[in-house]
Amino acid sequence: RLLREVTAASPGLVEGWNALGLALLRQGRLDEADAVFSRVLSLSRRYAPALLNAGLLRLAQGRIEEGAALFSRAADLSPGALAPRVNLAVAQARLGKFGQAEETLLAAGRRFPGHPDVLYHLGTVYDRVGNRAKGVEAYTAFLAASAGSRPLMEDRVRARLRAWGVSP
């Protein structure tokens, strides 16, 4: 309600529209979120947070290729941001483009060394392609880097490592 008031009072405020779209996305109101992100991007085609969030919406809608394109644009516009790169890799992996996903994550890892999100998703890519040795390496590095900050992901990783016979 408050975000709708903000956008009504300031219809050109891209940050307000983007926040409203994200709130709707989190509530699962995908059609409404889609309309709001279209509004944001009509106001500013280069507003990277809206590109990122519209990409997340596309993933939720199963429109993976479109999401990947939006993440790629967001990454180009925000070289200091990690989220567009990680989400691009997630989209690439969902499309079965594991080599591209690996390259995207390795590049992100060079820019953001030791970041837990990069390491986690790198582990999942290696897991999906059956490269257990690299998966163990990435997952182990993830656990060290995360250090309790992502408990649900850490639990999944520990379970996977145990399934592989590796003591986390």
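Engineer: How do you make sense of the overall build of the chain when you look at a structure like this?
Structural biologist: If you tally the helices and strands in the chain, you get ten helices and zero strands. Starting at the N terminus and ending at the C terminus, the chain contains elements arranged as α-α-α-α-α-α-α-α-α-α. The principal-axis extent of the C-alpha atoms belonging to the chain is close to 55 × 30 × 25 Å. Counting all 168 residues of the chain, 44% fall into the buried class. Contacts in the chain between residues at least 24 apart in sequence constitute 43% of all its contacts with a sequence separation of at least 6. When the accessible area of the chain is evaluated, it comes to approximately 8700 Å², of which 53% is carbon and sulfur surface. Both charge centroids of the chain, one from 23 positive and one from 15 negative side chains, sit 0 Å from each other.

Engineer: When you look at the packing of aromatic side chains in this model, what are you seeing that I'm missing?
Structural biologist: Two descriptors summarise a pair of aromatic rings, namely the distance from one centre to the other and the angle between the planes of the rings. What the rule picks out here adds up to three aromatic pairs. Here the aromatic residues Tyr120, Tyr139, Phe142 and Trp164 are joined through ring pairs into a cluster of three or more.

Engineer: Looking at this structure, I do not really get the packing of helix 9 (residues 132-146) against helix 10 (residues 151-163). What am I missing?
Structural biologist: When two helices pack together, their arrangement is given by the angle between the helix axes and the distance between those axes. Orientation of helix 9 relative to helix 10, taken along the N-to-C sense of each, is 145°, at an axis distance of 10 Å. The crossing of helix 9 and helix 10 is left-handed. Every residue of helix 10 that contacts helix 9 at Val136, Tyr139, Thr140, Phe142, Leu143 and Ser146 is listed here: Met153, Glu154, Val157, Arg158, Arg160 and Leu161. Class assignment for the residues of the contact of helix 9 with helix 10 results in seven nonpolar, two polar and three charged.

Engineer: Explain helix 7 (residues 98-111) here, please?
Structural biologist: An α-helix turns once every 3.6 residues. As a result, residues three or four positions apart point the same way. End to end, helix 7 covers 20 Å across 14 residues, agreeing with the expected 20 Å (1.5 Å per residue, within 8%). Those residues of helix 7 that sit buried are Phe98, Ala101, Thr104, Leu105 and Ala108. Across the axial projection of helix 7, the buried residues extend over an arc of 125°, all falling on one side. Residues of helix 7 that are exposed and point more than 90 degrees away from the buried face comprise Glu103 and Arg110.

Parameters and conventions
- As a convention, each chain's residues are numbered from 1 in the sequence order in which they are written.
- Totals for whole chains, interfaces and linings use every residue, but because this is a predicted model, local features are given only for residues with pLDDT of at least 70 and side-chain atom pairs only at 80 or more, for both listing and counting.
- In computing side-chain values, all of the structure's heavy atoms are included and hydrogens and water are not.
- The numbering of helices and of strands both runs from the N terminus, where a helix is a DSSP run of H or I of at least 4 residues and a strand a run of E of at least 2.
- Burial classes follow relative accessibility: with a 1.4 Å probe on protein chains only, a residue under 20% of its type's maximum area counts as buried, one over 50% as exposed, and anything between as partly exposed.
- Contacts are residue-level and defined by heavy atoms, with any inter-residue pair within 4.5 Å sufficient.
- Each accessible area value is a Shrake-Rupley result obtained with a 1.4 Å probe; residue values ignore everything except the protein chains displayed when judging cover.
- We count Lys and Arg on the positive side and Asp and Glu on the negative side, and we leave His and both chain ends out.
- The atoms used to mark charge sites are NZ of Lys, CZ of Arg, CG of Asp and CD of Glu.
- In summary, the pairing rule links any two rings of Phe, Tyr or Trp, Trp by its six-membered ring, whose centres are within 6.5 Å, and it sorts them by plane angle into stacked for under 30 degrees, edge-to-face for over 60 and tilted for everything else.
- Simply put, an axis is a line fit to the C-alpha atoms, just over the touching stretch for a helix, and the angle between two N-to-C directions goes from 0 to 180 degrees.
- Helix crossings fall into two classes, left-handed where the near helix is turned counterclockwise from the far one by less than a right angle and right-handed where it is turned clockwise.
- Three classes are used: nonpolar for Ala, Val, Leu, Ile, Met, Phe, Trp, Tyr, Cys and Pro, charged for Asp, Glu, Lys and Arg, and polar for all others, with Gly counted as polar.
- For a helix, the expected span equals 1.5 Å multiplied by the number of residues minus one.
- Our arc is simply the arc of the directions from the helix axis toward the C-beta atoms.

Without other data, these values stay purely geometric and don't point to any function.
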